[in-house]
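What the coordinates show
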Amino acid sequence: MTKYPILDSSLIKSTIGFVKKKLADAEAGHDWFHTHRVLNNALNIAHNEEANLEIVALGALLHDIADSKFHDGDETVGPAIAQEFLEKHNAGQGLIDHVVQIINNISYKNSLDGNSVFESKELFIIRDADRLDAIGAIGIARCFNYGGYKNRPFYDPDIPPKLNMTKEEYKSAASPTINHFYEKLLLLKDKMHTDTGRKMAEKRHAYMLEFLEQFFQEWYGE
Ligand code: ADP
Ligand code: NI
């Protein structure tokens, strides 16, 4: 038996196989291992909350199967694939609807334009779990990997971070990687929904501040 009995369910096991295949060629920051860390974070947080663990696990597993950044900005691909997969496996309609809503509403950029109307405990848990993977040591690694994938400079002293971006500005911003810390990563700890998530975020946030201090010391010569 696994640490979390929900992971022994046959639907969850099929979902894991499906997601691993879907993400086989993904960029390292949005690959199966990211999804797996989000699943672990989400189940750890859910342990302290009243939540439906099947929805938490399915939402975490399916949240990044077709991120719009990698699909020409199309935000409908991921939810549609998840819906089709769950229907094929005869999941109940209520469960399918909830998981699809989670995938539609989890992303950071969608939270920027105030259009995120759907709310649920399970969404909040998975969103915290996803945000935790965007900060701390892993967050730093993911950020630089994404910058490398987009061939962006680490830092450019002539380009200041853009704060308070709208969703559209955020999507088209081709910021140097260090700017992304100020544009998103350092803002996340104050946007956590759950107490467990908030506590975990504090430690990861402090680690990023230390990293930035050292980065600038080395950049400008100690
Ligand atoms: P979401 O997918 O939740 O809308 P993002 O688009 O911000 O969130 O992307 C998720 C992760 O991808 C970020 O946490 C970061 O690691 C990486 N990423 C996204 N945009 C950038 C960027 N401009 N520079 C560096 N990393 C980025
Ligand atoms: Ni994610």
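Residues numbered from 1 in each chain as written. Chains lettered and ligands numbered in written order. Predicted model: local features only at pLDDT ≥ 70, side-chain atom pairs only at ≥ 80, totals over all residues. Heavy atoms only, no water.

At this site the nickel ion (ligand 2) is bound by H34 (NE2), H63 (NE2), D64 (OD) and D130 (OD), with donor distances of 2.1 to 2.3 Å. If you look at the nickel ion (ligand 2), its four donor atoms make angles of 84 to 173 degrees with each other, and the shape they trace is irregular. Counting gaps between the donor residues of the nickel ion (ligand 2) yields the pattern H-x28-H-D-x65-D. Pair noted here: H34 is in helix α2 (residues 32-46) and D64 is in the loop between α3 (53-62) and α4 (77-88), with a separation of 30 residues, a long-range link. Overall, the relative accessible area of 0% leaves H34 in the buried class. (Donors = N, O, S within 2.8 Å, 3.2 Å for Na, K, Ca; no water. Tetrahedral: all angles 85-135°; square planar, octahedral: opposite > 155°, others 65-115°. Helix = DSSP H or I, 4+ residues; strand = E, 2+ residues; numbered from the N terminus. Buried < 20%, exposed > 50% of the residue type's maximum accessible area, 1.4 Å probe, protein only.)

One pass over the structure, following the stated rule, counts eight salt bridges. With its nearest N and O atoms 2.7 Å apart, the salt bridge here joins D133 to R37. Of the two residues, D133 is situated in the loop between α7 (121-132) and α8 (136-149) and R37 in helix α2; the sequence distance between them amounts to 96 residues. Owing to a relative accessible area of 1%, D133 belongs among the buried residues under this scheme. Linking R142 and D133 is a salt bridge whose minimum nitrogen-to-oxygen distance equals 3.8 Å. Pair check on accessibility: R142 and D133 agree, each one buried. (Salt bridge = Lys/Arg side-chain N within 4 Å of Asp/Glu carboxyl O.)

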